[in-house]
Amino acid sequence: MQIALIQLQIQPSEKQANYDSISRLVDLAVTQQPKPDLIVLPELWSTGYALAELKTIASDEGNEEVEFLGNLARKYGIWFAGG
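Residues numbered from 1 in each chain as written. Predicted model: local features only at pLDDT ≥ 70, side-chain atom pairs only at ≥ 80, totals over all residues. Heavy atoms only, no water.

## What to know about unusual backbone geometry
- In the segment running from Q33 into P34, the intervening peptide bond is cis, with an omega of 0 degrees.
- In this structure, P34 sits in the loop between α1 (15-29) and β2 (38-41).
- For S13, which is not a glycine, the phi torsion comes out positive at approximately 65 degrees.
- By the element assignment, S13 lies in the loop between β1 (3-5) and α1. (Helix = DSSP H or I, 4+ residues; strand = E, 2+ residues; numbered from the N terminus.)

## Structural notes on the packing of aromatic side chains
- Following the criterion strictly, the structure yields three aromatic pairs and no others.
- Three or more aromatic residues link up through ring pairs in this structure, and these residues are Y19, W45 and F68. (Phe/Tyr/Trp six-rings, centres within 6.5 Å; stacked < 30°, edge-to-face > 60°.)

## Regarding the environment of E64
- Considering the arrangement of structural elements, one finds E64 in helix α3 (residues 63-76).
- Linking E64 and A50, residues 14 residues apart in sequence, is a C-alpha distance of 17 Å.

## Regarding the side chain of S59
- Tracing the backbone shows S59 in the loop between α2 (54-57) and α3.
- Polar side-chain contacts of S59 include one of 3.3 Å to the backbone nitrogen of E64.
- Within the local environment of S59, its side chain forms a polar contact with the side chain of E65, the two groups lying 2.5 Å apart.
- Once you skip the residues sitting within four places of it in the chain, S59 turns out to touch K15, E64 and E65. (Polar contact = N/O pair within 3.5 Å; in protein donor to acceptor, adjacent residues only side chain to side chain. Contact = heavy atoms within 4.5 Å.)

Structure follows, in structure tokens:
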């Protein structure tokens, strides 16, 4: 099993900016040889530590993040561990 770790400068409370960064970094990661089977993302990768704003920026039960990562997983045939 090939594992890639993605570390990025997370933008607190800027979900779309973080999604865009993850998409770009995943695009890059899957071009590496050997291609990763699993990509591990950092804790709070979509919202950062904007803890005071979590009630307004967090999705219900992480559904939005699951859909986003699920789409990338299907597109590239990979798995994610996103905290």
